[in-house]
Amino acid sequence: MFLRFGQVVGQAGVLYAILIVMASKTITTLTTLSLSAIASNTRVKGGGAYYLISRSLGVEFGGAIGVVFYLAQAISVAMYVIGFTEAFVGTFADWKAHFVAIATVINVLTFVCVYVGAGWTIKVQYFILAILGASLASFYLGAFSSFDLGIMRENLVPHYDAGNSLFTMFALFFPAVTGIMAGANMSGDLKNPSRSIPKGTLGAVIVTAAIYLSLALLLGGTRSHEELISNNLIMKEISVWPMLITAGVFAATLSSALGSMMGAPRILQAFARDEIFQRLSFFGAGSGASREPRRATVLTFVIAQICILLGDLDAIAPIITMFFMITYGLLNLATFYEAITKNPSYRPTFRYCNWSVSLAGSIGCLAVMFLINWIWASASIFVIGGLYWFIHFREVESRWGDLHSGMVFERARKSLLKLEEEDYHPKNWRPTILALSGTAWNRPHLAIYGHWLTSGHGILSIAHIVTGDIEEHAERREKFEKTLRAFIAKEELWFRNTFPMVSRLWCNVTASAVCGRTPYCSAGPMIRRRLTPSEQRFGSFPDSVAVSLRSDFLTIGTKTGRNLIRWVMPGKFPTARSMSGGAAGGTAR
């Protein structure tokens, strides 16, 4: 804001500078709306964006984001400390020879503030905020007194240097608006995250948008484009009290360093507690009543100090920006999938985010990455992809639910609804077999013979019927399900392009209900629905449940103490087929 924005206004012109600010803020606003929706949908614990993404997109995406987002935040500490030091030695030239020592001292002070606790650090941030407010007030007073419409008219149009364009100016400015996760990273320390995150983040986006738009107008109306481009401290010259601008530069960089030093350890702590990588579990421990991540804070300090000692970080700065952008893009993607799959558990109290908003935010983040630097964008996507597949092949099991099964179910539901509308033709016939194999070990030949008939192209349902009250036989049902799973695995019934899905089918028919447990090895899913009264030809079936494949309806019920299996095929066969104590399929027994 204090050092580079004058160059953006000088080269792009006032009109295009406003366009750059609006485009940048549009993307961050879309991301903030997605963040607000997903944060108000669940009880947000520590970890901020990592926690939200992992609980929606799963352990693979969550683990990949946890690694890169933590490293981006930790290295950012060093970048902000170096930025503070550059401003310091630029003001006090005699200290230039002690650059590394000054940066180390600032890093230590930042570490100590955060190590003491979040409460103390936030108090320091309030003091820094007051300095920033005073520096902006000093600039506004100076700009209003020297505003010239003639200079403004000259600066309305672009004056690009050789090699620069609108896109390069956009790339130069955009990193200034990527700090929207600072509040979300503190999610574990907030009293009411679902309310505080949307309110605080949206407020920050609106206030900073107003500040940047006003700066573009005032800078363009007070100095020529040559001065704006060549002088990084032009705001200091315009200000009524120049030293306040210097103090503002110090405050801005120090505030960002403190924010990253607070956020990074909390990401690592949440990541370590999920035990995606066992060796990192040491950093999941908390200290004190507020469970401060002090172990993770020490590691963050060490990483930042190593980066300071290495010196110039310009070479890796672009990929850090890309990691931030990927995090924001995946956050939008998580919210999009939550909304588009109509997940029953997705009920955000924040109502101002539609799935189209989240999709636009995700696409916008990806577009910005390639506009900034397509090489670094491709490299960062490759890194995320590598981490994703590494975690996937390690077969890490999550202890929380995610969107995967909901997405699969939604795709299957839409496919079945589409299939229902298609005209049936014998050319597309697939065998659908129900094998009443008991526990499968009793009559294994039925399940194996059924598998041979389907040959990887149909659906094989292996059923075991348990009579009695559902609640009383819950443990038995669980045992039989495990037995059938073991049988399916041992006999490799999902071989040849089929996959195992174990489900259960139960029918509350009388007070002493018939309960059918139906694990099945299948090449396609099933839809459960109730039969209409005209389809219930056994007698009184108040709670009969049906399995529907296209227009085939299966009921399992009881009449006069006998177990009955019935296939009803309306519109295709004039009479329904029923059997007692046996198995039946649409076209195969």
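As the structure is a computational prediction, the values presented were derived from the model and not from experiment.

### Points about the overall build of the protein
Helix and strand counts for the protein stand at 18 helices and 11 strands. In the protein, buried positions account for 50% of the 589 residues. Summed over its atoms, the accessible surface of the protein is roughly 28,300 Å², and 62% of this surface lies on carbon and sulfur atoms.

### Let's talk about the nonpolar core
Ranked by internal contacts, the top residues of the largest apolar core, which has 118 residues, are Phe5, Phe139, Met181 and Leu219. The element best represented in this core is helix H3 (residues 59-91), accounting for 16 residues. With residues near it in sequence (within four places) discarded, Leu219 still touches Phe5, Gly6, Val9, Phe139, Asn155, Leu228, Ile234, Met235 and Ile238.

### Some thoughts on the packing of aromatic side chains
This model, assessed by the stated rule, comprises 25 aromatic pairs. Aromatic pair Phe88 and Trp95: ring centres 6.5 Å apart, planes at 65°, arrangement edge-to-face. Ring centres of Phe173 and Tyr212 lie 5.0 Å apart, and the angle between their planes is 90°; this geometry places the pair in the edge-to-face category. One end of the pair, Phe173, is in helix H7 (residues 166-173); the other, Tyr212, is in helix H8 (residues 193-220), and 39 residues separate them in sequence. Exposure class is identical for Phe173 and Tyr212. Each is buried. Aromatic rings pair up to connect Phe84, Phe88, Phe92, Trp95 and Phe250 into one cluster. The ring centre of Tyr115 lies 5.3 Å from the NZ or CZ of Arg294, which sits over that ring.

### A word on helix H2 (residues 49-57)
Burial analysis of H2 places 8 of its 9 residues in the buried class, the great majority of the element. Three or more residues of H2 are buried, namely Ala49, Tyr50, Tyr51, Leu52, Ile53, Ser54, Ser56 and Leu57. Following H2 by one or two positions, Gly58 has its phi on the positive side, about 105°.

### Regarding the confidence of the model for the protein
Of all residues in the protein, 80% have pLDDT values of 70 or greater, and the mean over the chain is 76. In this model, residues 495-589 is a region of pLDDT below 50 whose contacts with residues beyond four sequence positions or in other chains number 234 contacts.

### Re the packing of helix H4 (residues 99-116) against helix H12 (residues 294-310)
As a packed pair, H4 and H12 sit with axes 10 Å apart at the nearest point and diverge in direction by 170°. The orientation of H4 with respect to H12, classified from their angle, is roughly antiparallel. Facing Val100, Ala103, Thr104, Asn107, Val108, Phe111, Val114, Tyr115 and Val116 of H4, the residues of H12 in contact are Arg294, Thr297, Val298, Phe301, Ala304, Gln305, Ile308 and Leu309.

### Observations regarding the packing of helix H1 (residues 5-39) against H8
Close contact between H1 and H8 brings their axes to 9 Å; oriented N to C, the two are set at 170°. On the basis of their axis angle, the class for H1 and H8 is roughly antiparallel.

### A short note on a nonpolar patch on the surface
Side chains of Tyr115, Val298, Val302, Ile306 and Leu310 sit close together on the surface and give an oily, nonpolar patch of about 440 Å² of accessible area. Element by element, the count of residues in the nonpolar patch is highest for H12, at 4 residues. Relative to the helices and strands, Leu310 is located in helix H12. Of the residues examined, Leu310 reaches a relative accessible area of 67% and is grouped as exposed.

### Some remarks on helix H15 (residues 374-393)
With 20 residues, H15 extends 28 Å between its outermost C-alpha atoms, agreeing within 8% with the 28 Å of an ideal straight helix rising 1.5 Å per residue. Along H15, the residues classified as buried are Ala377, Ser380, Ile384, Leu387, Tyr388 and Ile391. The buried side chains of H15 occupy one side of the element, clustering within an arc of 100° when seen end-on. Exposed and oriented more than 90 degrees from the buried face of H15 are Trp374, Phe382 and Phe393. The distance from a side-chain oxygen at the start of H15 to the backbone nitrogen of Ile375 is 3.0 Å, and the residue carrying that oxygen is Asn373. Among the residues trailing H15, Glu395 stands out with phi positive, at a value near 55°.

### Overview of unusual backbone geometry
Despite not being glycine, Glu275 shows a phi value in the positive range, around 60°. You can see Glu275 is positioned in the loop between helix H11 (242-273) and H12.

Conventions adopted
Residues numbered from 1 in each chain as written. Predicted model: local features only at pLDDT ≥ 70, side-chain atom pairs only at ≥ 80, totals over all residues. Heavy atoms only, no water. Helix = DSSP H or I, 4+ residues; strand = E, 2+ residues; numbered from the N terminus. Buried < 20%, exposed > 50% of the residue type's maximum accessible area, 1.4 Å probe, protein only. Areas by Shrake-Rupley, 256 points an atom, 1.4 Å probe, with all protein chains shown as cover. Core = buried A, V, L, I, M, F, W, Y, C linked by side-chain atoms within 4.5 Å. Contact = heavy atoms within 4.5 Å. Phe/Tyr/Trp six-rings, centres within 6.5 Å; stacked < 30°, edge-to-face > 60°. Lys NZ or Arg CZ within 6 Å of the ring centre and 35° of its normal. pLDDT = per-residue confidence, 0-100. Axes fitted to C-alpha atoms, helices over the stretch in contact; angles between N-to-C directions. Parallel < 35°, antiparallel > 145°, perpendicular 65-115°, else oblique. Patch = residues over 30% accessible without salt bridge, like charges linked within 9 Å, V, L, I, M, F, W, Y side chains within 5 Å. Salt bridge = Lys/Arg side-chain N within 4 Å of Asp/Glu carboxyl O. Expected span 1.5 Å × (residues − 1). Arc of directions from axis to C-beta. Polar contact = N/O pair within 3.5 Å; in protein donor to acceptor, adjacent residues only side chain to side chain.

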